[in-house]
Amino acid sequence: MIDWIQLLGNSAQQILSPVTAAYALAALGLAIHFGYTGLLNFGQAGFMALGAYGYGISTLTFGFPWWAALLVGVGVSIIFALILGVPTLRLRADYLAIVTIAAAEIARLFFTTNTFVQYTGSANGLQGYKGSFEEVNPIPPGRYGFGPFTYNEYDWWVRIFGWGLVIIAALITWRLMKSPWGRVIKGIREDEDAVRALGKNVYFYKMQALVLGGVFGSLAGMVFVLPRAIVPSNFQPTLTFFIYAILLLGGAATVLGPIVGAIVFWVALSFFSGFVARAVEVGWLPFMSTVQAGQLQFILVGIVIMLLVIFRPQGMFGNKKELAFVK
Amino acid sequence: MSSNDAVPSSTPTKTSGLHIGEPAPGVKKVDPIIVADHIKRSFGGLTAVDVEHLEIPRGAITALIGPNGAGKTTLFNLLTGFDKPDTGEWTFDGNSIAGVPAFKVARRGQVRTFQLTKALGLLTVLDNMKLGAKGQSGESLTKAIFPWFWRKEEEEIEARALDLLARFKLDAKKDDYAASLSGGQRKLLEMARALMSEPTLVMLDEPMAGVNPALTQSLLDHILNLKTEGMTVLFVEHDMHMVRHIADWVVVMAEGKVVAEGDPHEVMKNPAVIDAYLGSHHDEDLGELDPSITEAVKELADDDADEIKH
Amino acid sequence: MAHAATTPTSRRWPRLVATLLALLFSAVALMSAAPAHAASQVGIDENDYRVSGIVRLDGDPLEGIRITVEGPGQSAEAITNAEGRWAIGVPERDTYVVTLDESTLPEGIAVVDETGEDETPNSREATVGPSGSVVANFFIGEGERATTNVGGQILDRLFLGLNFGLLLALVAIGLSLVFGTTGLSNFAHAELVAFGAIMLLVLSVFLELPLPLAILIALLLSMAMGWANDAALWKPLRRRGVGLIPMMIVSIGLSLAGRYLYQFFIGGETRQLPYATTTALNTGFYGLSVIDIASMAIAIIVLLAVAFFLLRTRLGKATRAVSDNPALAAASGIDVDRVIRIVWVMAGGLAGLGGILWAYFRPGVSWDMGFQILLLTFAAVVLGGLGTAFGALIGSIIVGLFVEMSTLVIAADMKYVGALVVLIVVLLVRPQGILGRKERIG
Ligand SMILES: Nc1ncnc2c1ncn2[C@@H]1O[C@H](COP(=O)(O)OP(=O)(O)O)[C@@H](O)[C@H]1O
Ligand SMILES: [Mg+2]
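As annotated in an unreviewed UniProt entry, chain B carries the name Amino acid/amide ABC transporter ATP-binding protein 1 (HAAT family) and is attributed to Microcella alkaliphila.

An unreviewed UniProt entry lists chain A under the name Amino acid/amide ABC transporter membrane protein 2 (HAAT family), with Microcella alkaliphila as the source organism. As recorded by UniProt, the Subcellular location (unreviewed entry) comment attached to chain A reads in full: "Cell membrane".

Please provide a residue-by-residue account of the overall build of chain B, values included.
Of the regular secondary structure elements, chain B holds 12 helices and 12 strands. Among the 310 residues that make up chain B, the fraction classed as buried is 53%. Contacts in chain B between residues at least 24 apart in sequence constitute 68% of all its contacts with a sequence separation of at least 6. Taken as a whole, chain B presents about 13,400 Å² of accessible surface, with 54% of it coming from carbon and sulfur.

Tell me about the sheet that holds strand S2 (residues 49-54) of chain C, residues and numbers included.
Strands in a sheet are paired, the pairing made by backbone hydrogen bonds, and the direction either parallel or antiparallel. Residue and element names in this part refer to chain C. Here we have 4 strands laid out as an open sheet, ordered S1-S7-S2-S11, and mixed in their pairing. Every interior strand has two partners, whereas the edge strands, strand S1 (41-42) and strand S11 (133-135), have only one. When S1 meets strand S7 (residues 85-90), the two strands line up parallel, connected through 2 bridges. Within S7, the position partnered with Val 42 by the bridge is Ile 88.

So what about the packing of aromatic side chains? Which residues, and what values?
Counted by the stated rule, this structure contains 41 aromatic pairs over all chains. With a centroid separation of 4.9 Å and an interplanar angle of 75°, the aromatic rings of A:Tyr23 and A:Trp266 are classed as edge-to-face. Taken together, the positions of A:Tyr23 in helix H2 (residues 18-36) and A:Trp266 in helix H13 (residues 256-281) put the pair 243 residues apart, joining distant regions of the chain. Grouped by ring-pair contacts, the aromatic residues A:Tyr23, A:Tyr53, A:Phe111, A:Phe224, A:Phe235, A:Phe242, A:Phe265, A:Trp266, A:Phe298, C:Tyr260 and C:Trp367 constitute a single cluster. Directly above the aromatic system of A:Tyr151 lies the positively charged group of A:Arg159, at a separation of 3.8 Å from the ring centroid.

Explain the interface of chain A and chain B residue by residue, including any values.
Counting residues at the interface gives 30 residues for chain A, matched by 31 residues for chain B. Both sides together, the interface formed by chain A and chain B hides about 2,800 Å², and carbon and sulfur atoms give 67% of it. Counting every contact that joins chain A to chain B gives 3 salt bridges. The interface formed by chain A and chain B contains 10 residue pairs in polar contact (both at pLDDT 80 or more). If you list the elements that add at least two residues to the side of chain A that touches chain B, you get helix H8 (153-177), helix H9 (180-190), helix H10 (192-197) and helix H11 (202-225) of chain A.

Before we move on, can you summarise the domain arrangement of chain B with the specific residues and values?
Residue and element names in this part refer to chain B. One can read the domain layout of chain B as domain 1 (3-119 + 199-280) and domain 2 (120-180). Each of domain 1 and domain 2 has a C-alpha centre, and these two points are 29 Å apart. Each side of the interface is counted separately: domain 1 has 7 residues, and domain 2 has 7 residues. Each partner contributes to the roughly 530 Å² buried at the junction of domain 1 and domain 2, and carbon and sulfur atoms together form 49% of this total. In this structure, Glu 229 and Arg 167 form a salt bridge, with 3.0 Å as the shortest nitrogen-oxygen distance. Remark: the boundary between domain 1 and domain 2 carries 3 residue pairs in polar contact (both at pLDDT 80 or more).

Residues and numbers for the coordination of the magnesium ion (ligand 2), please.
Ligation of the magnesium ion (ligand 2) by protein atoms is provided by B:Thr73 (OG1) and B:Gln115 (OE1), these donors lying 2.0 to 2.2 Å from the ion. Taken as a pair, B:Thr73 in helix H1 (residues 72-79) and B:Gln115 in the loop between strand S8 (110-112) and helix H3 (125-131) lie far apart in primary sequence, 42 residues in all.

For the interface of chain C and chain A, give the residues involved together with the corresponding values.
Each side of the interface is counted separately: chain C has 61 residues, and chain A has 57 residues. In total, about 5,400 Å² of surface goes out of reach between chain C and chain A, with carbon and sulfur atoms giving 77% of it. In terms of surface lost to chain A, no three residues of chain C exceed C:Ile245, C:Ile249 and C:Phe264, which account for 12% of the buried area on that side. Inspection of the chain C/chain A interface yields 0 salt bridges. Along the contact surface separating chain C from chain A lie 5 residue pairs in polar contact (both at pLDDT 80 or more). Of all the secondary-structure elements, those providing two or more residues to the side of chain C that touches chain A are helix H1 (13-33), S1, strand S6 (74-79), helix H4 (211-240), helix H5 (244-266), helix H10 (369-384) and helix H12 (415-429) of chain C. For the side of chain C that touches chain A, the element with the most residues is H5(C), which contributes 15 residues. Of the residues assigned to the side of chain C that touches chain A, the class counts are 48 nonpolar, 8 polar and 5 charged.

A description of H8(A) should follow, citing residues and the corresponding values.
Over its 25 residues, H8(A) runs 36 Å from end to end, which matches the ideal 36 Å to within 8%, given 1.5 Å per residue. Sitting at the head of H8(A), A:Asn152 places a side-chain oxygen 3.1 Å from the backbone nitrogen of A:Tyr154.

Can you tell me about the pairing of S7(C), naming the residues and giving the values?
Residue and element names in this part refer to chain C. Taken across its 6 residues, S7 has 5 buried, putting it largely inside the fold. Relative to S7, S2 runs antiparallel, the two sharing 6 bridges. Bridging from a neighbouring strand, Ile 54 pairs with Arg 85 of S7.

Explain the pairing of strand S2 (residues 149-152) of chain A to me, and be specific about the residues and the numbers.
Residues and elements named next belong to chain A. Going residue by residue along S2, you find Phe 149 and Tyr 151 tucked away on one face and Thr 150 and Asn 152 left uncovered on the opposite face. Relative to S2, strand S1 (residues 143-146) is paired through 4 bridges, and the arrangement is antiparallel. Looking across to S2, one finds that Tyr 144 is bridged to Tyr 151. Linking S1 back to S2 in an antiparallel pair, the connection comprises 2 residues, with Gly 147 at a positive phi of about 50°.

Which residues make up the sheet that holds strand S11 (residues 249-254) of chain B, and what are the values?
Residues and elements named next belong to chain B. Pairing in this open sheet of 6 strands is mixed, and the strands run S8-S9-S10-S5-S11-S12 from one edge to the other. The outermost strands of the open sheet, each flanked by one partner alone, are S8 and strand S12 (257-262). The sheet shows a mean angle of 20° between the axes of neighbouring strands, direction not considered. As paired elements, strand S9 (residues 201-205) and strand S10 (residues 232-236) share 5 bridges and run parallel to each other. Bridged to Met 203 within S10 is Leu 234. Relative to S9, H1 is tilted by about 145°, and along the sheet it contacts strand S5 (61-65), S8, S9, S10 and S11.

Talk me through the nonpolar core; I want residue IDs and the actual numbers.
It is characteristic of soluble globular proteins that their nonpolar side chains tend to be buried jointly. Residues A:Tyr23, A:Phe42 and A:Phe235 are the most contacted members of the largest nonpolar core, which totals 235 residues. When residues no more than four places from it in sequence are discounted, the contact partners of A:Phe235 are A:Ala45, A:Met48, A:Ala49, A:Ala52, A:Tyr53, A:Arg108, A:Phe224, A:Val225 and A:Ile230. Counting residues in each nonpolar core, the second largest holds 47 residues, with B:Val211, B:Leu226, B:Val233 and B:Val243 among its members.

Tell me what's going on with the packing of helix H3 (residues 44-60) of chain A against helix H12 (residues 237-250) of chain A, and back it up with residues and numbers.
Residue and element names in this part refer to chain A. The geometry of H3 relative to H12 is characterised by a closest axis approach of 7 Å and an angle of 115° between their N-to-C directions. For the element pair H3 / H12, the angle class is roughly perpendicular. Where H3 crosses over H12, the two elements pack in a sense that is right-handed. Contacts between H3 and H12 pair Gln 44, Ala 45 and Met 48 from the former with Leu 239, Thr 240 and Ile 243 from the latter. In the contact of H3 with H12, the residues fall into 4 nonpolar, 2 polar and no charged.

Tell me about the environment of C:Leu423, residues and numbers included.
Within the fold, C:Leu423 resides in helix H12. The class of C:Leu423 is buried, set by a relative accessible area of 1%. Each C-alpha atom of the pair C:Leu423 and C:Gly73 lies 26 Å from the other, and the pair is 350 residues apart in sequence. With sequence-adjacent residues up to four places away left out, C:Leu423 is seen in contact with A:Ile98, A:Ala102, C:Ala379 and C:Val382.

Any details on the side chain of A:Asp191? Residues and values, ideally.
Turning to its location among the elements, A:Asp191 is positioned in the loop between H9 and H10. Within the structure, the side chain of A:Asp191 is placed 3.0 Å from the backbone nitrogen of A:Asp193, a separation counted as a polar contact. Sequence-distant contacts of A:Asp191, defined by excluding residues within four places in its chain, comprise B:Lys118 and B:Leu120.

Residues and numbers for the environment of C:Val421, please.
By the secondary structure assignment, C:Val421 is in helix H12. The spacing of C:Val421 and C:Ala379 is 42 residues in sequence and 9.5 Å in space, taken between C-alpha atoms.

Which residues make up the side chain of A:Arg278, and what values go with them?
Considering the arrangement of structural elements, one finds A:Arg278 in helix H13. Buried charge A:Arg278 goes without a salt bridge, the closest partner of opposite sign being A:Glu281 at 5.2 Å.

A description of unusual backbone geometry should follow, citing residues and the corresponding values.
Here the amide bond leading from C:Arg362 into C:Pro363 is cis, since omega sits at -5°, within 30 degrees of zero. One non-glycine residue with positive phi stands out, namely B:Asp93, at about 55°. Relative accessible area serves as the criterion here: at 35%, B:Asp93 is assigned to the partly exposed category. Backbone geometry at C:Glu208 places phi at a positive 55°, although glycine is not the residue there. Among the structural elements, C:Glu208 can be located in the loop between helix H3 (189-206) and H4. C:Glu208 sits in the exposed class, given a relative accessible area of 65%.

Criteria and thresholds
Residues numbered from 1 in each chain as written. Chains lettered and ligands numbered in written order. Predicted model: local features only at pLDDT ≥ 70, side-chain atom pairs only at ≥ 80, totals over all residues. Heavy atoms only, no water. UniProt positions renumbered as here; feature names shortened; annotations may be inferred. Helix = DSSP H or I, 4+ residues; strand = E, 2+ residues; numbered from the N terminus. Buried < 20%, exposed > 50% of the residue type's maximum accessible area, 1.4 Å probe, protein only. Contact = heavy atoms within 4.5 Å. Areas by Shrake-Rupley, 256 points an atom, 1.4 Å probe, with all protein chains shown as cover. Pairing = 2+ DSSP bridges. Phe/Tyr/Trp six-rings, centres within 6.5 Å; stacked < 30°, edge-to-face > 60°. Lys NZ or Arg CZ within 6 Å of the ring centre and 35° of its normal. Buried area = accessible area lost by both parts, 1.4 Å probe. Salt bridge = Lys/Arg side-chain N within 4 Å of Asp/Glu carboxyl O. Polar contact = N/O pair within 3.5 Å; in protein donor to acceptor, adjacent residues only side chain to side chain. Domains from an automatic or database assignment. Donors = N, O, S within 2.8 Å, 3.2 Å for Na, K, Ca; no water. Nonpolar A, V, L, I, M, F, W, Y, C, P; charged D, E, K, R; others polar. Expected span 1.5 Å × (residues − 1). Axes fitted to C-alpha atoms, helices over the stretch in contact; angles between N-to-C directions. Core = buried A, V, L, I, M, F, W, Y, C linked by side-chain atoms within 4.5 Å. Parallel < 35°, antiparallel > 145°, perpendicular 65-115°, else oblique. Left-handed = near helix turned anticlockwise from the far one by under 90°. Lys, Arg positive; Asp, Glu negative; His and termini not counted.

Quick look at the structure:
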């Protein structure tokens, strides 16, 4: 029989999980890029990888304290955004899409190659960089919480840190989008020539948006790897596509959308794959192996992306009229 | 389209004595706001604009007319920094602005609208207007997060925007998305938005195209008002009837060149103008105007011709 | 904002390009200079089988020696650890080429060839046996290093690059034509590529049909798939007036769903098509096998046929007309819908053929094989100019040559980096691509 309690408990855990926080943060960055500014960034995985490796390498190779490592990760993603933006922000939207996905792949290949193995650990990645972040944990050792939400002090610390960042990022985004700056950004999404004709330096605003969303992405990368190890194959284009799915689910031009989208996405996906896996185990789906059951979730995400774009482009929270799509 | 009810209610006061010497292409102006020289722009084999010398008079309404494909929009793009010419020099208010990016041109007070209206559809009408205001400190990323830096300025801008919207009779729509406006209302909004930046020269690309006759009336009044308020207007228009009524000066383009200039009543008698409008280019098919992009279509047409022969 | 940073003007562009190029070159220089430690175990967890060995000189282990393993589904490097050990996981019970990089050996030391027949003793084959692993060791001693002559190496890579470029062109032309006629940047094109190879796998390996027949059916199915893509999804979306960017995101969803659907059915492993790994077919001519030559010949013939179609036939001309200017084409009486339908059938067939050739080139059929070259395809298309068929051809050849030739200077596991960097640099200096036209402004 299927253990429903455990299945539901596992799914519920996703609500607080640092992975969910990381996806929410990355999706928030993408909301700034795509939802508000109309920049088709398909390289959010690259920003996340740079954040993660920037943090990991400066801790392991250079022995930086956690906050300095965090600043390095952020700094590297800013440089990445500038390098990407300079050639492409003047070009058509679809060029940016191709260039960003290519740049993210370049970054990943740099992290995977054997050439820099002493810094990156090549295909095996990095671990053991938690040191100084673990030391500043104010929570005394022990297990806290209730039901499925029982974690040790480090797990709580990562969750508090991750979700704290999500809240700060959401507040910043919310304030910005209600400001004249946000108005310019949204104007650019609608028609950049019109905004240019009104005397705004469109290129500069797009660059600011690209950098800001990229910084959110790099922070997301750090939150993503804090509870685990850095593995380069985690930062494939599929990661970016998942974040798009979350963004479309929640609503691309909203602040709450990416966050609630991430939670709904992971709870639903965890429930779905958990259910299918157990259903296979108990023999309800005789035509499927457990490995195949694991692939079903990716197929589902792909279909969800298609259906959302076609039938509900504004997502769960988006305004019906504000379809939030660049033309 | 030239029905009489679309004509301004009051007879506008015309500004005269704008030029020095005989009206001819490139004639000198008493007080030019724009002076352009040797502006040339070609697309592949096609020369879209080739203007030797052109001066636009200050404080007047100048109409830029010419048949489709004459190069009017391209000239607008060049003068406003939206496109770069192959050669050419031009000044605005006495300063060279050749090579200056579009947004800086706009900041200097030379603001344009577009032939295909660019209302920012998913912004409200009021937000569209507020976006037009220049030098907002809240548009800086760092200050934007702290509303107390810009709240007061924002209130002033909003007051000004509401005032302008009332004049353009769009105030009832202020909280609607611009996408929900009619074509004519969008043209009005685009013009009002341009005025939010308090320009010295307003360049309107076909402001009347696709606007229903009821609105044409008020659009014309607004254009005339701009002059009263001391702004210079340069606008593109097809309907000669309206041009005659509101323009103080007319520049005629054909095949990229300025073929005539002069007083709106006189210039229409110029044989070059009649030629430009009635000349060979009127009913040629689209393909002939744009050789670079129709190779394949032409080949197909040739095939057909061959088939008929055989 | 009023006093915010200024936009770089056009005068600054050359400097920018120079800076970026300098960055690129210093990255390449770094790569060849970087000392290497660790990662003696590569890809062990992800793969079922392994190739491993110990590098020793007179019984003493040598650390920091670079070993490459290349073959079906794997191309990886390992560096020997303090005990001289290395191991690389491989996905197949198959034959792999193991190469020891002699430049990482101490001065005056080389791989020695006992028989005296092997010109390149630092490179050998290792076949994974029933035990699931194989040991590949080298005899190391004082002696002359095997120096493959540089000219031969360049020619080797040239042919490889040409072969790859030609098959990429088959894929890229379809992508480009679809973009030209419908404006869609189709990420799911990758899955059309994999579709052709997977169908051939099913027909020739699972159903054991004779190869020529299987190829024919696979190509017909690919064309049908192209048609079905349009009829079932894209045409209805065009009818609904869905914008181009949303359509592009739909194609990403389709790509994701399609790819994992393939994995669902054929599994995660790499499988070989008939004759793909037989070494007996080597011609000895610059490392080319009969299959390589056949592959290039097929690609060239098909590309010529496509060129003939586009330049000489009525339908082809109509296709180019729609690509150039859909509105004008429709106005001159061309049935745009029909043209688009045919373009999709062609794109499906060409992608399927490209996929089959790609399966022989890699070699192997796997669920994500299309996605692996999707970015290179986009690079080729953008390089040539979005929407122009001949641009895509030129772009593909350049990308193909660049990818293979770059391995002469940079590590093999970085070979795609070069092509992607070129893509970005080209966009910088000539955004409309090599044969593309500038976009209309305002
Ligand atoms: N970006 C472009 N590429 C190719 N041809 C262009 C482009 N922009 C304008 N043209 C051509 O230049 C000529 C002038 O166009 P335009 O300035 O729009 O004319 P008008 O506004 O007077 O109707 C036309 O033949 C047009 O097809
Ligand atoms: Mg025009």
